[in-house]
Amino acid sequence: MSAALELPGDDLAFQAEALNRRLAGLPAESVLKIAINELYRSRIALVSSFGAEAAVLLHLVASVDKATPVLFIDTAKLFEQTLAYRDALVARLGLTDLRVLRPDPALLAAKDASGSLWFRDANACCAIRKVEPLERGLRPFTAWINGRKRFQAGSRAALPLVEAVDGRLKFNPLADWSAADLAAYAARHDLPAHPLVAEGYLSIGCAPCTQPVAPGEDARAGRWRGQDKVECGIHTALPATPFGEE
Ligand code: SF4
């Protein structure tokens, strides 16, 4: 690690503040090089949904180090197109360490044996199908990278470049990218689009909870449409009792 980027003390919130000051204005690729190669070598992972805009960050990370661990949560409720897109992108980008995280079978049997918990209590369903698997998958890591952008939704408008969350630093290297920036990058590198984007899905999660959006809507407006829910819980705490306690 370069002396210029030594992190202060053990206080993660303080470290995040310092990184936000030091990395401000750097291009995403530079932020990723510093995070992956200098600050957290072998201790950082990318978490990707392989959704509508995932190809850009996957390409950026692959350009820094193709062996970066990529964590993917397979909730068993995803679109088949997402699984096929994941496999195609991993092959195209040469990523060598895809780690598929799955729900705990015991939790599924206890809380969602019928597979319909998403209909009765979406927060409880996300807790056992997304939040718990990710918590397990992140245990070996000190920091992680994700692809949230400020433009995606009002709830993300103040997203910082680096956050301290649940004992880890969390990098949002695309926080200030616009939809036009993403499209231009994807075109420049000839990145394939998720097949459902052409059908109006601008944010893609689980099949039962994802709908296309109308022109002018937030990209995430089709997620849990009609419910008082805008996040799955891997980025913000859910109001429900953890892991589907009923
Ligand atoms: Fe369950 Fe829907 Fe959350 Fe997927 S997005 S884990 S199906 S509630």
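The coordinates are above.
Since this is a predicted model, take the numbers as computed values, not measurements.

What counts and what doesn't
Residues numbered from 1 in each chain as written. Predicted model: local features only at pLDDT ≥ 70, side-chain atom pairs only at ≥ 80, totals over all residues. Heavy atoms only, no water. Pairing = 2+ DSSP bridges. Helix = DSSP H or I, 4+ residues; strand = E, 2+ residues; numbered from the N terminus. Right-handed = clockwise from strand over helix to strand, strands pointing away. Buried < 20%, exposed > 50% of the residue type's maximum accessible area, 1.4 Å probe, protein only. Near = heavy atom within 4 Å. 1 Å grid on protein atoms, 1.4 Å probe; cavity = no way out; pocket = protein on both sides within 12 Å on 5 of 7 lines; lining within 4 Å. Sits in = over half its atoms within 2 Å of the grid points. Nonpolar A, V, L, I, M, F, W, Y, C, P; charged D, E, K, R; others polar. Phe/Tyr/Trp six-rings, centres within 6.5 Å; stacked < 30°, edge-to-face > 60°.

Colleague: Got a sec to walk through the pairing of strand β3 (residues 98-101)? Specific residues and values, please.
Modeller: Where strand β2 (residues 70-73) lies against β3, four bridges are found, and the strand directions are parallel. Note on β3: the bridge partner recorded for V70 is L98. Each parallel crossover has a hand, and for β2 linked through helix α4 (residues 80-93) to β3 it is right-handed.

Colleague: Please give an account of unusual backbone geometry that cites residues and values.
Modeller: We note that S42 has phi near 70 degrees; this positive angle belongs to a residue other than glycine. Structurally, S42 is set in the loop between α2 (28-39) and β1 (44-47). One non-glycine residue, A76, adopts positive backbone phi at about 70 degrees. Tracing the sequence through the fold places A76 in the loop between β2 and α4. The exposure class assigned to A76 is exposed, which follows from its relative accessible area of 59%.

Colleague: Account for the site of the ligand, with residues named and values stated.
Modeller: Around the ligand, the surrounding shell consists of K77, W118, A122, C125, C126, R129, K130, C206, C209 and W224. When each cavity is represented as a set of grid points, the ligand is found to reside in the second largest cavity. Grouping the constituent residues of the shell around the ligand by class yields seven nonpolar, no polar and three charged.

Colleague: Give a detailed account of the packing of aromatic side chains, specifying residues and quantitative values.
Modeller: Under the definition given, this model contains five aromatic pairs. On the numbers, 5.5 Å between centres and 80 degrees between planes, the contact of F50 with F72 is edge-to-face. Of this pair, F50 sits in the loop between β1 and α3 (54-64) while F72 is found in strand β2, placing the two residues 22 residues apart along the sequence. A residue is classified by how much of its surface remains accessible, and F50, at 0% relative accessible area, is buried. What makes F72 buried here is its relative accessible area of 1%. Between W118 and F119, the aromatic rings sit 5.7 Å apart at their centres with planes inclined by 75 degrees, giving edge-to-face as the arrangement. The exposure class assigned to W118 is partly exposed, which follows from its relative accessible area of 26%.

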